Each structure stands twice: as C-alpha cells, then as structure tokens.
Amino acid sequence: MSIPVRLRGLRPSWLSPKVLRTEVLAGLVVALALIPEAISFSIIAGVDPAIGLFASFTMAVTIAVVGGRPAMISAATGAVALVIAPLNRQHGFGYLVAAVILAGVFQIVLGAMGVGKLMRFIPRSVMVGFVNSLAVLVFMAQVPELRNVPWAVYPLLAAGLALLVLFPRITRAVPAPLVSIAILTVITVAAGIAVPTVGDKGALPSALPVPGLPDVPFTLATLTTVAPYAFAMALVGLMESLMTAKLVDEITDTASSKTRESIGQGVANIVTGFFGGMGGCAMIGQTMINVKVSGARTRLSTFLAGVFLMVLCIVFGPVVSEIPMAALVAVMIMVCFATFDWHSVAPGTLRRMPAGEITVMIVTVACVVVTHNLAVGVVAGSVTAMVIFARRVARLADVTAVTDPDGSQVVYAVSGQLFFASSNELVGRFDYAGDPDRIVIDLSAAHVWDASSVAALDAIEHRYAQRGKTVEITGLNGPSAHLHRKLSGELATAD
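In what follows, the accompanying structure is described.

About the thresholds
- Residues numbered from 1 in each chain as written.
- Predicted model: local features only at pLDDT ≥ 70, side-chain atom pairs only at ≥ 80, totals over all residues.
- Heavy atoms only, no water.
- Helix = DSSP H or I, 4+ residues; strand = E, 2+ residues; numbered from the N terminus.
- Contact = heavy atoms within 4.5 Å.
- Areas by Shrake-Rupley, 256 points an atom, 1.4 Å probe, with all protein chains shown as cover.
- Lys, Arg positive; Asp, Glu negative; His and termini not counted.
- Charge placed at Lys NZ, Arg CZ, Asp CG, Glu CD.
- Pairing = 2+ DSSP bridges.
- Axes fitted to C-alpha atoms, helices over the stretch in contact; angles between N-to-C directions.
- Buried < 20%, exposed > 50% of the residue type's maximum accessible area, 1.4 Å probe, protein only.
- Phe/Tyr/Trp six-rings, centres within 6.5 Å; stacked < 30°, edge-to-face > 60°.
- 1 Å grid on protein atoms, 1.4 Å probe; cavity = no way out; pocket = protein on both sides within 12 Å on 5 of 7 lines; lining within 4 Å.
- Points joined across faces, edges and corners; volume = space filled by probe spheres on them.
- Nonpolar A, V, L, I, M, F, W, Y, C, P; charged D, E, K, R; others polar.

Helix and strand counts for the chain stand at 20 helices and 6 strands. The principal-axis extents of the C-alpha atoms in the chain amount to approximately 100 × 65 × 60 Å. Of all intrachain contacts in the chain linking residues separated by at least 6 positions in sequence, the fraction that spans at least 24 positions is 84%. Of the roughly 22,200 Å² of accessible surface on the chain, a fraction of 66% belongs to carbon and sulfur atoms. When the 32 basic and 28 acidic side-chain charges of the chain are each reduced to a single mean position, those positions are 13 Å apart.

This part takes up the sheet that holds strand β3 (residues 398-403). Two orientations exist for strands paired in a sheet by backbone hydrogen bonds: parallel and antiparallel. Taken in spatial order, the 4 strands line up as β3-β4-β5-β6 in an open sheet, and their pairing is mixed. Every interior strand has two partners, whereas the edge strands, β3 and β6 (470-474), have only one. The mean angle between the axes of side-by-side strands here comes to 20°, regardless of whether they run parallel or antiparallel. Where strand β4 (residues 409-418) lies against strand β5 (residues 438-448), 9 bridges are found, and the strand directions are parallel. Bridging from a neighbouring strand, S415 pairs with A445 of β5. Against the sheet, helix α19 (residues 451-466) makes contact with β4, β5 and β6, and its axis sits at roughly 175° relative to β5, the strand it touches most.

This part is about the environment of I333. Tracing the chain through its elements places I333 in helix α14 (residues 325-339). Considered as a pair, I333 and S408 are 75 residues apart in the sequence and their alpha carbons are 75 Å apart. When near neighbours in sequence (up to four residues on either side) are disregarded, I333 contacts F139, L157 and L161.

Here we take up unusual backbone geometry. One non-glycine residue, A71, adopts positive backbone phi at about 75°. By the secondary structure assignment, A71 is in the loop between α3 (49-66) and β1 (74-75). Relative accessible area serves as the criterion here: at 1%, A71 is assigned to the buried category. Even without being glycine, N148 reaches a positive phi, approximately 50°.

What follows covers the packing of aromatic side chains. Per the counting criterion, the structure on display carries 8 aromatic pairs. Residues F106 and F231 carry aromatic rings whose centres are separated by 5.5 Å and whose planes lie at 90° to one another, so their mutual orientation is edge-to-face. Residue F106 is located in helix α5 (residues 93-112), and its partner F231 is located in helix α9 (residues 220-252); the two are separated by 125 residues in the primary sequence. The exposure class of F106 is partly exposed, given its relative accessible area of 24%.

This brings us to empty space enclosed by the protein. Scanning the model with the defined rule gives 1 cavity of 30 Å³ or more in all. Computed from the structure, the largest cavity encloses a volume of approximately 60 Å³. What lines the largest cavity is E145, L146, V149, V153, L156, V195, P196, P324, M325, A326 and V329. Tallying contributions element by element places α14 first for the lining of the largest cavity, with 3 residues. In the lining of the largest cavity, the residues fall into 10 nonpolar, no polar and 1 charged.

Shown next, in the form of structure tokens:
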C-alpha cells in the first residue's frame, strides 16, 4: 500500500472536500446567527454588546476542542444572562467575570462527580416537552423584531421564508440560510430599504479580547457574594448543555460523552471569564441551525463559528451591520418549525399516549414558557414524571391472604415494589385481631427498596406482637434481605 493511501486512511473525516464544505458553510451561517443573539443577551445581562460577542467567540472555540458533543454550539445565552444580571447590577462587571470563572470551576467539579450520568433519568416526555418549549421560546424571541417596524420588514420576511423552503429543492451544496441572508442583504442595500439591521442592535467590537484577571478584591467576602450566582449559573448551564447534547445525540444517531461535555463547559467558561466574557452554555437554536439545517457533524463547524464570528465583527463589521434583522428572523422561524416535534401533538398520538405522559409534557412546556428558563421546565417535568411513576408503581403492590385448613397459621403473599409510596398502605392490609397466632409474610414476589418499607414491616410485626402473635418474614431476595437486616429494629415503630 502506498504512503498517500495510508495517509488517506488516517485523515480526519472533516478534511474530505464534501464534509469540509458543509462544516465551513455551517460555521459561517451560525456565526451570522450568533451576532444579534449575543448582543441581545448582553443587553439582558446589562453589559456592553462586545462582552457577549467575546463570550460567544471564546466559548465556541474552546468547547470545539474540549467538549464532548461534536457539532454542538456553545456561546453566550439568555439563561446565563438572566442568572448573572442581578450580580452585575448590584456589584459591577468585575464580580460578573469572577462568577463566570467560579461557575466554570463548579462545572468541572460537577462533571468529574458524574453529573452527566443523571441525564438517563430524564424521561422521554420531558425531552419532548424540552424540544417543543424551546421552539416556542425561540419563536417568541422573534416576535419583538416584528412589532412596530416598517412595512417592508414583512415582505422581506416572507421572501426569506420562501428562500429557506424552496432553495434546498434546487441544491443543498450551499446552506439555504446563507443564501437567504446574502440575497436579502443585497436587496435592502441596493434598493436603500430602511429596515432594522444587525447594526441597530449595538456596536460590533473592533479588536480581539485581551486576557486578564477580574477586577475584584480577592477576599472571602467576594467569594461569598459571587458563589451563589456562580453555582446557579453552573447548574443552569449544565442542564441546558446536557439536554442539548442529548437532543443532538438523537438527531445524529451518535453517542457523546456527557462527562467530557460537563467538564468542557467548565473549561470554556473559565477561559471566557479570563477574557472578560459573560459566560454561556450550549445554544439550542444555533445548534439546530448547525446540525439540523446545515448538516454539520464535526467539531470544525463549532470552531469556525467562533472564528467567523470575530472575523465578521472585526474585519467585515460594516457589512455585517447592514444585514436586515428580517433575514435572521426568517432563519430562526424555520429553526422553530424544524425543532418542534409536530408528531407529539398530532391527534392520533395524543389519543394513544397515556394521560401521565401528556401531563408531563404540558408541565414542562408551561413552566418553560412562563419562566423563560429551560432548566426550570426540565426540573418541573422530571419531578412530575417521578410523582406519576411513583403513584403508578404504588398501585402494583398487592397483598393476598391464605389461611391453613387447620387454622393454625395464615400466609400473606405480598407482591410488587415496596417503597415509601406503596408501603404506607401496607400496614392496613392485615387482620391483626382476627388472624391466628402464627403469621407468615411471603415476600418472594416483592422487593424492598427503602427504609419506609422496612419500618412498615417492623410496624406489622409490632402490632401482631402486641396481641401475642408471632410473625415470620420469608422470601426476601438478596438486596431486600440485606436492607431488612441492616435497618430492622433500628427504626421507630408506630402503632
């Protein structure tokens, strides 16, 4: 085998011409979409627009190297901006930067502790609700761009949507969003149409960020002030990033390391903080543009999105400032349409779906839409799912009694899962006064999960003992027997 052939076998997939073109163009489209978003989130956080753009640059470039989910976009986000905005207002920008760095440290620690493994406890109905609420939030974020604007915005929006729908039918060699943005920009500039542009959102930076330490006193008082905001930012950032990573896993049918992604988010935030950025996490909207709309699959698109962002701002700032917001709104509306799980709300699906699953999805969507916080919706939906599951499993616990013909003993066969929800009713299922002197409780078809169940069994034995009757517990499997031996007699017994 010749050396060139061997080298081709070792060549990364993104170096193939077709993949390289897709990744480069996807990175460019995402960079264009990042600019107005980063500026908007800077305003939410109460900082200069350049701070949000710097954060998007450093987050994207760093996470492309250290992250666990290829093709996912991380940058300045609204969720993080909402968390740290009060700190910036009350104590100043230096404290905000310190919080970003400390949040990164928290994320590294949480990632090393295995927080990413908790994603397996997120039910599918919560995931569907997360996706649908995300689509709703992204759409709602576009509505202000369509209010109190010149009438020309609406035909531009319609033209942008038409290009996004029709152009892929002609060719997919160039992403439709890039074509739509370019054509609408040329039209508005050439025709002199006065509509809101990217430049109206704020001034673009003219130089690269410079690293440095946060301007705060390095004291315990500063740490106690910053830590609560940093921890909240770390949790919100990890929640959104891991949920987004799981969604990209499903879209691309590939696996990713949630532990590496958690630690990578921490590293990216530390780097961003030292460069004076406002921090961030995974961006679901821009990730969908990158993965679902543009077809990117490698780290190159994420890296180039950050690089192109700075190039567009510093080198081509005057040109980028002329991009009409209507073009970017059209792209985001198409992202909403593509992201929303329409099958989940189809009448046929709703008729077949269990009521509990629908409830969990509705709770997730409602909480996200009301609070504008994806993490709140995920937590609320997961808790709702757990409660519904506990109630459903609790009903499966059953007790049947068989009395020997000679009346010398009664055997109670207990089946199902015994935990706090089911064991509370267990005590009342026995005939303490009417049973004979010997009682056998057969747990061969049951499993004891927690201290509540052991306490319930102790209470049953105690009630029978008060009447001079003996109880024998049989059939415990290994884990149940170990828990029973460990806790029996050590818990308070209630009559």
